[in-house]
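Here is how the chains run, residue by residue.
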Amino acid sequence: MQATLLFYLVWGLLVLNVLGQDVEEPIYTAYGPGNVLIGILLPCHRKVSAIYDRIRPDSYPCSDFDDTSFLNSLAIIHEIEEINASKFLPNVSLGYLMCDTCSYASKALQSLGHILGVDASINVTSNDTEFRPSVKIILGAQYSETSVAVARLLNVYMIPLLSSMSSSPELSDKERYPVFLRTIPSDIHQTKAVAKVMKHYNWTWVGVVYGDDEYGKAAFQSFLREAEDNSVCLAYQEVLPHYLDHPHSAQIVKAVAEKIYSSNAQVVLLIIKEDLVELLFKEMIRTNTTKTWFASDVWSRSVSLRHMKGINKVGDILGFSFITGESKSFDTYLENLTVTPGGYNHYIEKYKSLIYNCTPECLSSKPPSHCHSSDLAQMNHDKLCNFNSSEEQSDYLSSPVDTSLTFLHRVAVRSVAHALKKLLKCNSSSCSGDLNFAPWELLKELKKVKFGYDKMNFSFDQYGDVESGYELIKWEKHGERRSLQRIGEYSVLDEQIHLSVENVFWYSSGNITVPQSRCSPSCRHGSVKKILNVSCCYSCIKCLEGTYSDALDLDECKTCPNDTWSLKGSNSCSPRLESYLKWSDTHPIVVIASAAFGILLLLCTFIIFCVYRSSPTVLQAGWKLSCVMMAGLAVSFTSVLFFWGKPNLHLCRSRQVIYAMGFTLCVASILVKAYRMFLEFLPFGRLKRNLFTLYKPPVIVSTVTTGQGIICLLWLIFDSPDVDEKPPSEQSMIKTLQCTEGQTYIGFGIMLSYIALLVLVCFIFAFKGRRVPQQFSETGQIIFSMLMYLFVWVCFIPVYITRNEEATLLQASAILVSCYGIIFCHFVPQCWEAIRRSRSAPQPPNGLRTRNSSRRSRSFSSSF
């Protein structure tokens, strides 16, 4: 596409605005002869002047020439001439009749009345089926509000209305607007695309300014629905009057500008006409306000806005536009602008009068400022000011006007041509159909038309729309102006944004960091939103234990999967760390070493007892009974080994049963000794004889130990120890694995109570026999060892209950202390005594009582 076109055209049109002239337009602004007439209903002026002063039904005075729409009308005319020149419809030529709507619906209806009244074709009847006006179809209008009004009138005669710019969703209602078709998608798709882009860039807090016309209101309502679906909230919504001569326009624009300036929303969607955007941007430039602006299709490619003074100060601008396409033939046509032979175009005449200084004041010696440069006065004005001349006009029409914007207008003309070809039954040489057809026949064919143009396929859907999609464009700085950069597209079919430029440079941030527009800061990982008044305004709260959030701005925390956990404010879940006493830990090593040392002491004791088994000390202690005690203590020391490592059912059961049986065996042996001491010093009599009959050490040891075995068996059956399944604290990521001694701890309590009972009985027996001479008695040893055991386990129970997480280490330590208590109270003194006596000379017995007591001790000892 040529970089620049129509500079002087735009300059000339702007001169009209500078002059402020109100022009009373002719009924038809342009005409081209043909067998089939196409009506063109587009605004060549931006507004109707003094609308509030209008009382009589006079013609509407128009002002502010609309260069963009004029360019569109030229594109339609050029495409009609191209079709005629190509003989696309053999022996049939297309003509056109154009009227100016002046961007006002009532003016459009007035113009439509003239178009339909050509050759007095309107004839009021009760049946309009055979109504055959000269104009078979209307191309237009530009604004949706105008199209709504025109379509309602054309519904009466079923004359098709084909627009390339009116995008209001209301016009897709075929019940209300059956004659309306368009070569663009409905604004439903555009607002959906806008909302998706805002969601993509995480712009959740935006402002909206829309016009009070049909286009603005319908687009705004559609955007509201899409914004809600995409979690986009409105910081404000402001309305501007679409009528440019509104008496309070300036005040309203300033009020809206103040709202934009004071709001914390950094993104603003403008669904308003180009002229209102210009007024708003002037206020933004004056107040030095920078925002990110989102343009609707109405002004997203506006040349005048891109070239306005100070445009680079307003911030980033992006928006959607309809698909575009280049046409070299149209560019050439603009450079050699002429009127269709046999027709006229008042605006081409007006343009040449201005741009080539054809007016008398521009030919004077002192031309006014709006006239073009004086070097043009040296040119051949007779040729240039001849409006039917095809004289080459150099490159005076080159300007920044974007001719690719006219693509869909050319598509509209092509669709009419394809429908006519079908309706008129055209072949390669002729068209045999009736040229005086009814407009509704063309409408019927137009709805079914399918054709290709410029490497694209076009057809109308059930709503009369062409699902052609949108281009996402961004305004880039180009000197003091702005140029367009295509950064993506939106597909109507799959409803997805496809970005072609990911790392876009943003002027608001000064780099590729996307500017933020939020009501509240993002909730980071590990926290979620707590909605305040609207969904986009919230505070952030941390996720509770067992939940997490792994993304920004989640509404709810996610629950941790099975066998995982998280602490408060976590962004992920992980398995809890298992904590138990490992073999390699310090405490188990110390305890195991102590147990091994205890077993070593028992082994040494056993060796000493074997060596000195015939000594009085060993004989008094009882060789066999002492060996049973040592075996019980060795088993108790061995049970300590089962307290370490990862707990399991068998480990939990084994350690308690082994300890219970081993220590009970030891205490049972001590019970035999205590009972012996008790019997020894009972006074002679019947009671002593009866109790003496019960002194059967093997039976006592076996019975007492079996009793503990029965307790353990019942414990394992009804309330067995197991691995503790109690969940850890919610505030902990550590799962302590340890054994629990059953659900009720009754079995564990009975087991310990049974041992404690035996210990207590031993203590009582020993205490009763405490008067025996120490050289022949173990009562002191028994009393101290039993007191030590009772003290240890009485201290163990409350600590065990209050510090359950350390129960394993506590019980293992208690077992060691109990066993060492017996070793140091019983065996160490006996070993020392045996070794000491063996080294000293044997002493004769001192008296009869001593000899009898020694004899009785040996007698009791040998009875096991």
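Residues numbered from 1 in each chain as written. Predicted model: local features only at pLDDT ≥ 70, side-chain atom pairs only at ≥ 80, totals over all residues. Heavy atoms only, no water.

Q: Where do I start with the side chain of Arg518 in this structure?
A: Residue placement: Arg518 occurs in the loop between strand S20 (496-499) and strand S21 (527-531). For Arg518, a relative accessible area of 12% translates into the label buried. Within polar-contact distance, the side chain of Arg518 engages the backbone oxygen of Ser520 at 3.0 Å. (Helix = DSSP H or I, 4+ residues; strand = E, 2+ residues; numbered from the N terminus. Buried < 20%, exposed > 50% of the residue type's maximum accessible area, 1.4 Å probe, protein only. Polar contact = N/O pair within 3.5 Å; in protein donor to acceptor, adjacent residues only side chain to side chain.)

Q: Explain the packing of aromatic side chains to me, please; I cannot follow it from the model alone.
A: The description of an aromatic ring pair rests on the distance of the ring centres and on the angle between the ring planes. Within the structure shown, the criterion is met by 38 aromatic pairs. Sitting above the plane of the Tyr60 ring, Arg54 keeps its charged end 3.9 Å from the centroid. Directly above the aromatic system of Phe437 lies the positively charged group of Lys136, at a separation of 5.0 Å from the ring centroid. (Phe/Tyr/Trp six-rings, centres within 6.5 Å; stacked < 30°, edge-to-face > 60°. Lys NZ or Arg CZ within 6 Å of the ring centre and 35° of its normal.)

Q: What's the story with the sheet that holds strand S14 (residues 315-322) in this structure? I'm lost.
A: Each strand in a sheet pairs with its neighbour through backbone hydrogen bonds, running either in the same direction (parallel) or in the opposite one (antiparallel). Within the open sheet, the eight strands sit side by side as S11-S10-S12-S13-S14-S18-S19-S20. Their pairing is mixed. The open sheet terminates on both sides in strands that have one partner only, identified here as strand S11 (233-240) and S20. Strand-to-strand twist across the sheet, computed as the mean angle between neighbouring axes with direction ignored, equals 25 degrees. With five bridges connecting them, S14 and strand S18 (residues 470-478) associate as antiparallel partners. Among the inter-strand pairings, Leu318 is bridged to a residue of S18, identified as Lys474. Across the face of the sheet, helix H6 (residues 214-229) comes into contact with strand S10 (205-211), S11 and strand S12 (267-271) while running at roughly 160 degrees to S10. Against the sheet, helix H7 (residues 249-262) makes contact with S10, S11, S12 and strand S13 (291-295), and its axis sits at roughly 165 degrees relative to S11, the strand it touches most. (Pairing = 2+ DSSP bridges. Axes fitted to C-alpha atoms, helices over the stretch in contact; angles between N-to-C directions. Contact = heavy atoms within 4.5 Å.)

Q: Before we go on, may I ask you to explain the pattern of salt bridges in this structure?
A: When their charged atoms lie close together, side chains carrying opposite charge are able to pair. Going through the model one piece at a time under the given rule, you end up with 20 salt bridges. The closest approach of N and O atoms between Asp275 and Arg46, which form a salt bridge, is 2.9 Å. Here the residue Asp275 occupies a position in helix H8 (residues 274-286), and Arg46 occupies one in strand S4 (residues 45-48), the gap between them amounting to 229 residues. Looking at Arg46, the relative accessible area reads 10%, which means it is buried. Of the charged contacts in the structure, one is a salt bridge between Arg176 and Glu170, with a shortest N-O distance of 2.6 Å. A relative accessible area of 35% means that Arg176 is categorised as partly exposed. A single network of salt bridges, built from pairs that share partners, joins Arg301, Glu471, Arg486 and Glu489. (Salt bridge = Lys/Arg side-chain N within 4 Å of Asp/Glu carboxyl O.)

Q: Explanation requested: the environment of Tyr261 in the structure shown.
A: Within the secondary structure layout, Tyr261 lies in helix H7. Given the relative accessible area of 48%, Tyr261 is considered partly exposed. C-alpha of Tyr261 to C-alpha of Thr287: the two residues are 26 residues apart in sequence and 8.3 Å apart in space. Not counting chain neighbours up to four residues away, the residues in contact with Tyr261 comprise Thr287, Thr289 and Lys291.

Q: Explain the pairing of S12 to me, please; I cannot follow it from the model alone.
A: Regular strands place their side chains on alternate faces of the sheet. In terms of burial, S12 is largely enclosed, as five of its five residues are buried. With burial as the criterion, each face of S12 is covered, one bearing Val267, Leu269 and Ile271 and the other bearing Val268 and Leu270. In the sheet, S12 pairs with S13 via four bridges, with the strands oriented parallel. Of the residues in S13, the one forming a bridge with Val267 is Thr292. For the crossover that starts at S12, traverses H8 and ends in the parallel S13, the hand is right-handed. (Right-handed = clockwise from strand over helix to strand, strands pointing away.)

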